[in-house]
Each structure stands twice: as structure tokens, then as C-alpha cells.
Amino acid sequence: DAGVIQSPRHEVTEMGQEVTLRCKPISGHDYLFWYRQTMMRGLELLIYFNNNVPIDDSGMPEDRFSAKMPNASFSTLKIQPSEPRDSAVYFCASSFNADWPQETQYFGPGTRLLVL
Amino acid sequence: GQNIDQPTEMTATEGAIVQINCTYQTSGFNGLFWYQQHAGEAPTFLSYNVLDGLEEKGRFSSFLSRSKGYSYLLLKELQMKDSASYLCAVKDYGQNFVFGPGTRLSVLP
């Protein structure tokens, strides 16, 4: 398997622009997670889906952030409008049958976002 | 509240043993995970503990004490490639993973 795929790998945009990050989970995994990592705040869970349904979005910072999962093989995280404080590395992760306590998550390579 | 603490940085010598500690206070507990993250890369899974005691996997071992809210990752026979950040994470409820700030380990020759 190719692992979790994210695109783009790098994104530089100007404040106020819309940013869309994409993720393809590992085939057969039924959980998908979006994280944000910064030096100041570390790795933060933003939202996760089970079988394409959002389960917990309490980590989404504000209304400017939205996430969708239209099917089992694709998810997007959108920021509109973007702000400089959104600059971070955004990771997507997936897991299989995450009801097993020992089931770990597999992370994608991340998208490095810089908002000028 | 949710709180996980780890030392920010550690330094050790090639061939030595290093112990990275993690203390946690979370609303629930469904297991503790350790991840390794090299600079510029994604976290990768190292170990999992849900019962008290030591889990050994080659050069890496992880220990858990649930009553103390404490875990450590033990790295033996350190190699230069072990220079990375090590993240402690608790699965507190559902699928909610809470990550610690990470410990940046530098292995010196």
C-alpha cells in the first residue's frame, strides 16, 4: 500500500486566500484524522471521521476551518479565509478498526502551509 | 483537563541508554502510545501500553504505571539515526489522541 497520501506537500499563500488540503487514507481504513503541528502547540487533533462521518470536531479552531469526507478514499480540510497564524504542518492520519485499543494511526507526510 | 508533559530536549552519546519520561493527566485512558518523528517527517508508531509494566521491542522498551500517570520510553544501544523527536500520546476516550509536546533527542558521536 502507498500509505496515507496528502497534497499539496507545500503551500504558500497570502492572507485572506482560501486553502484546501487533501488526503487519501490507506485503503480499508475506516477512521481518518486531521492534525495540526506547530512549535508552540505541538500536535493537535482537529477533527476525525469514522466511515466518512465526522465524529469529533471539537479541535477545529474556528469557523474558518471546515473538513469533509465525501467518500472512503478522500478528505479535504479547508481554511477560508486563511491567516498567518494558520501557518503550520497539517497531517492526515488513518487507522483500521480503531475500536481496538491498540490500533495505531498511520500518518501522511504532511502539508507545510505558510500564510503570508 | 488534558495535560501531557515530557522533557523538551535530551542529549545522549552513541551506544548509551536513554530514558524519556512522560506524565499525563487525561479525562480517560485507553492506552498510551509512543511515536518517533524525524525532522521534517511524519510521526511513526513505536510502542503501545495499556496495562502496567514493561513492553520490549528490540532496542526500544516502554513502561507504564497507570496509578502514577507515568510512562517512559527506553532506548538502548543508541545510534545516530535515533536522533529525532519522541512523542507520547494518550488515547483518552473514543478515538481522541492527546499528544505531548515531544522530546527532541540528540545522539552525539
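Scope of this entry: the structure provided in the associated data block. (Residues numbered from 1 in each chain as written. Chains lettered and ligands numbered in written order. Predicted model: local features only at pLDDT ≥ 70, side-chain atom pairs only at ≥ 80, totals over all residues. Heavy atoms only, no water.)

**Thoughts on the interface of chain A and chain B**
Counted only if it meets this: What makes two residues a contact is simply this: any of their non-hydrogen atoms within 4.5 Å. Note: buried area is the sum, over both parts, of the accessible area (probe 1.4 Å) each one loses when the two are combined. The rule for a salt bridge is simple: a side-chain nitrogen of Lys or Arg has to be within 4 Å of a carboxyl oxygen of Asp or Glu. In protein, a polar contact means a hydrogen-donor-capable atom and an acceptor-capable atom, both N or O and within 3.5 Å, with residues adjacent in sequence counting only if both atoms are side-chain atoms; elsewhere, any N or O pair within 3.5 Å suffices. A helix here means a DSSP run of H or I that spans at least four residues, while a strand means a run of E at least two residues long, and both kinds are numbered starting from the N terminus.
With 22 residues of chain A at the interface, the matching set in chain B holds 19 residues. Approximately 1500 Å² of surface area, both sides summed, lies buried where chain A meets chain B, with 54% of it carried by carbon and sulfur atoms. Applying the counting criterion to the chain A and chain B interface returns zero salt bridges. Scanning the region where chain A abuts chain B turns up three residue pairs in polar contact (both at pLDDT 80 or more). Per-element accounting of the side of chain A that touches chain B gives the leading share, four residues, to strand E4 (residues 31-38) of chain A.

**Looking at the pairing of strand E9 (residues 88-95) of chain A**
All names here are of chain A. Threshold: Each residue is placed in one exposure class: buried if its accessible area under a 1.4 Å probe, protein chains only, is under 20% of its type's maximum, exposed if it is over 50%, and partly exposed if it falls in between. Two strands pair under a simple rule: DSSP has to find at least two bridges between them.
Of all eight residues in E9, eight are buried; the element is thus mostly enclosed. Residues Ala88, Tyr90, Cys92 and Ser94 of E9 are buried on one face, and the alternating residues Val89, Phe91, Ala93 and Ser95, pointing to the opposite face, are buried as well. Alignment of E4 against E9, held across seven bridges, turns out to be antiparallel. Paired with tyrosine 35 across the two strands is phenylalanine 91, which belongs to E9. Here two bridges tie E9 to strand E10 (residues 106-107), and the two strands are oriented antiparallel to one another. Counterpart to serine 94 in the pairing with E10 is tyrosine 106.

**Points about the pattern of salt bridges**
Residues and elements named next belong to chain B. In this structure the tally under the stated criterion is 12 salt bridges over all chains. Between arginine 104 and glutamate 9 there is a salt bridge whose closest N-O contact spans 3.1 Å. Linking arginine 104 in strand E11 (residues 103-108) with glutamate 9 in strand E2 (residues 9-13), this pair joins segments that are 95 residues apart in sequence. Judged by relative accessible area, arginine 104 falls into the partly exposed class, the value being 40%. Arginine 59 is paired through a salt bridge with aspartate 82; the nearest N and O atoms lie 2.8 Å apart. Of the two residues, arginine 59 is situated in the loop between strand E6 (53-57) and strand E7 (60-65) and aspartate 82 in the loop between strand E8 (70-75) and strand E9 (84-91); the sequence distance between them amounts to 23 residues.

**Some details on a nonpolar patch on the surface**
So the rule is basically this: Like-charged residues within 9 Å of one another, or nonpolar side chains (Val, Leu, Ile, Met, Phe, Trp, Tyr) within 5 Å, are grouped into patches, provided each residue has over 30% relative accessible area and no salt bridge. Surface exposure here means Shrake-Rupley accessible area, sampled with a 1.4 Å probe, where a residue is shielded only by the protein chains that are shown.
Taken together, the side chains of Val12(A), Leu114(A) and Leu116(A) define a hydrophobic patch exposed on the protein surface, amounting to about 290 Å² of accessible area. If you trace the backbone, Leu116(A) turns up in the segment after strand E11 (111-115).

**Observations regarding the sheet that holds strand E3 (residues 19-24) of chain A**
Residue and element names in this part refer to chain A. Condition: Axis lines are fitted through C-alpha atoms, for helices just across the contact stretch, and the angle between N-to-C directions can take any value from 0 to 180 degrees.
Spatially, the four strands line up as an open sheet ordered E1-E3-E8-E7, and their pairing is antiparallel. With partners counted over all chains shown, the strands left at the sheet margins are strand E1 (5-7) and strand E7 (65-71), one partner each. Going across the sheet, the axis of each strand differs from the next one's by a mean of 15°, ignoring polarity. Two elements, E7 and strand E8 (residues 74-79), share five bridges in a ladder whose sense is antiparallel. Paired with lysine 68 across the bridge in E8 is threonine 76.

Any functional reading would require information that these geometric values do not contain.
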